[in-house]
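Descriptive analysis of the structure
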Amino acid sequence: MTLAAARGGFAGLDACVHCGFCLQACPTFLATGDEADSPRGRIELMRALERGDLAATDTALVFHLDRCLGCRACEPVCPSGVRYGQALETARERLADAGGVPWLARAALWALTTPGVSEVVYALARAFRATGLPRLLAGWGRIRFAMGMLAATKPTGGNGRSRAVRGGRFAQPVTAPYRPLPPLTALLFRGCVMQGLFPHVHDATIRTLEVNGYDVREVRGQVCCGALHAHAGLGDEARALARTNALAFGDGDEPIVVNSAGCGAMLKETALAARVRDVTDLLAANGGPVSGGPLDLHVAYDPPCHLLHAQRVAAPPQRLFAAIPLLRLVTVAGANDCCGSAGLFTLVEPEMSRTVLQTKLDALGAVAPQVVATGNPGCAMQIGAGLAARGIRTPVRHPVELLDASYRAAGRYE
Ligand code: SF4
Ligand code: SF4
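First things first, this report covers the structure right here in the doc. (Residues numbered from 1 in each chain as written. Chains lettered and ligands numbered in written order. Predicted model: local features only at pLDDT ≥ 70, side-chain atom pairs only at ≥ 80, totals over all residues. Heavy atoms only, no water.)

Turning our attention to the sheet that holds strand β2 (residues 214–217). Strand order in the open sheet made by the four strands is β2-β1-β3-β4, with parallel pairing throughout. In this open sheet, the two edge strands, each paired with only one partner strand, are β2 and β4 (276–278). Each adjacent strand pair in this sheet contributes to an overall mean axis angle of 40°, direction not counted. Sheet analysis places strand β3 (residues 256–258) next to β4, joined by three bridges and oriented parallel. Opposite V258, over in β4, you have D278 as the bridge partner. Each of β1 (184–188), β2 and β3 touches helix α11 (residues 199–211); the most contacted strand, β2, lies at about 150° to it. (Pairing = 2+ DSSP bridges. Helix = DSSP H or I, 4+ residues; strand = E, 2+ residues; numbered from the N terminus. Axes fitted to C-alpha atoms, helices over the stretch in contact; angles between N-to-C directions. Contact = heavy atoms within 4.5 Å.)

So, on to the environment of A322. Structurally, the position occupied by A322 is in helix α17 (residues 315–322). The exposure class assigned to A322 is exposed, which follows from its relative accessible area of 65%. (Buried < 20%, exposed > 50% of the residue type's maximum accessible area, 1.4 Å probe, protein only.)

Looking now at the site of ligand 2. Lining the immediate environment of ligand 2, one finds 13 residues, of which C26, C68, C71, R72 and C74 sit closest. Listed by contribution, the elements that provide at least two residues to the shell around ligand 2 are α2 (27–32) and α3 (39–51). Residues belonging to the shell around ligand 2 are distributed by class as follows: nine nonpolar, two polar and two charged. (Near = heavy atom within 4 Å. Nonpolar A, V, L, I, M, F, W, Y, C, P; charged D, E, K, R; others polar.)

Across all of its chains, the model carries 20 salt bridges by this definition. In this structure, R72 and E269 form a salt bridge, with 3.9 Å as the shortest nitrogen-oxygen distance. One end of the pair, R72, is in the loop between α4 (59–66) and α5 (84–99); the other, E269, is in the loop between α14 (261–267) and β4, and 197 residues separate them in sequence. Ionic contacts of the salt-bridge type, sharing partners, join the residues R72, E75, E269 and R312 into one network. (Salt bridge = Lys/Arg side-chain N within 4 Å of Asp/Glu carboxyl O.)

Attention now moves to the site of ligand 1. Surrounding ligand 1, one finds 13 residues, the nearest of these being C16, C19, G20, C22 and C78. Taken together, the residues that form the shell around ligand 1 break down as nine nonpolar, three polar and one charged.

Applying the stated rule across the entire model yields three aromatic pairs. On the numbers, 5.9 Å between centres and 15° between planes, the contact of W140 with F145 is stacked. Look at F145 and you get buried, because its relative accessible area is 1%. Between the NZ or CZ atom of R354 and the centre of the ring of F145, over which it lies, the distance is 3.8 Å. (Phe/Tyr/Trp six-rings, centres within 6.5 Å; stacked < 30°, edge-to-face > 60°. Lys NZ or Arg CZ within 6 Å of the ring centre and 35° of its normal.)

Across its 16 residues, α5 extends 22 Å between first and last C-alpha, which sits within 8% of the 22 Å expected from 1.5 Å per residue. When α5 is considered as a whole, its buried residues turn out to be Y84, G85, Q86, A87, L88, E89, T90, A91, R92, E93, L95 and A96. At the exit of α5 stands G100, carrying a positive phi of roughly 80°. (Expected span 1.5 Å × (residues − 1).)

On to the sheet that holds strand β6 (residues 328–329), then. Read across the open sheet, the four strands follow the order β6-β5-β7-β8; overall the sheet is parallel. Each of the sheet's edge strands pairs with one partner strand only, and the pair in question is β6 and β8 (396–397). Together, β5 (298–301), β6 and β7 (371–373) form the strand contacts of α17, whose direction differs from that of β5 by roughly 170°.

Formed by 63 residues in total, the largest nonpolar core has its most connected members in L197, F198, L209 and L402. At six residues, the largest contribution of residues to this core is made by helix α20 (residues 377–389). One finds I43, A56, C68 and C78 within the second-largest nonpolar core, a separate group that totals 23 residues. (Core = buried A, V, L, I, M, F, W, Y, C linked by side-chain atoms within 4.5 Å.)

Here we take up unusual backbone geometry. Going from G288 to P289, the amide bond is cis rather than trans, its omega being 0°. Tracing the backbone through its elements, the reader meets P289 in the loop between α15 (279–283) and β5. For N286, which is not glycine, the phi torsion reads 55° and is therefore positive. Mapped onto the elements, N286 comes out in the loop between α15 and β5. Backbone geometry places A368, a non-glycine residue, at a positive phi of 45°. Tracing the sequence through the fold places A368 in the loop between α19 (350–367) and β7.

Written out as structure tokens, the structure reads:
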């Protein structure tokens, strides 16, 4: 049985009453105006696939399902509770079984997620990033956009190394009205891209959680969450990774803290689901997070689709920002809409991806924030590359990086 099938396969589509409420929430429909690029149209295509009226190699079927971002913006607006995301993964698995996975997606998965390979790839990427060349070469077009994506992963100054991992604690908060005694334990999910290109976000995650009363522990033997594999239709590989992670994290009840929305959404589809918490969700528990020092910044928050729509985590990031004195969130039109990243989508469907991104960049340009904050590596890289291609130097940061800077400003790490 497939992972998606185990969660219901196409059955979640039965509730669709064709009302069309989802159409205006769908970025690909808004981009093309084509019913077949809408959730309702794709549901009809998937039903035809399920009935056997369309083959899994049907050109139109493959074309329109490939152009779906998997952002799941169609789910929360659906009055019938259609479970689109799980049906899409079922369909993609059938398409991959019948027609294979594009070589570019295969190559990217191999380079970014294969133990023993990805460490070398990320080390080379970090070394290249350190030269500053990716930022200079950023622009439109596949190669230059990839340069911008890499440049967007570069940490800004002030992100000191984590001083304590694996159960150690180093900072006593100035005030911690709700701090539990003894400290709670959280297990850190490291992932592939986050570990390879955003280790500074892991450091910030550890430091900020420790201020908020958690011992953050490492877990040996953990592997990639499998989200990129599942989105590409490689269900068997995603399930194998899920089994390995279930063994690594064991059957305890400690929360598993995740700072990548895509990884979190995927892990919530596995046996570990009940324990998986986004870092903002964990920080906001028990009345948190603890307040930090002032950051006089205008920040545009871009909620990742896999946090907002897939995990339905909306309020905790707002609580995190509220814990930072002087920080002002600016209102961005369409902030809840997809940025067009969608895992490997930006790589394999660049035209649609860039079309969706342009809308996001126009909206951000209208408010000119000093920082864009988002909690998913793909979104950070996509938006960062788009801004760089437009010649805009606004940095993109994870929300916990801002909280970390706020705690540093408050002297909590001294
Ligand atoms: S909103 Fe829900 S019920 Fe209506 S067309 Fe879209 S998926 Fe179907
Ligand atoms: S997942 Fe996103 S792109 Fe795909 S049909 Fe739903 S809203 Fe449209």
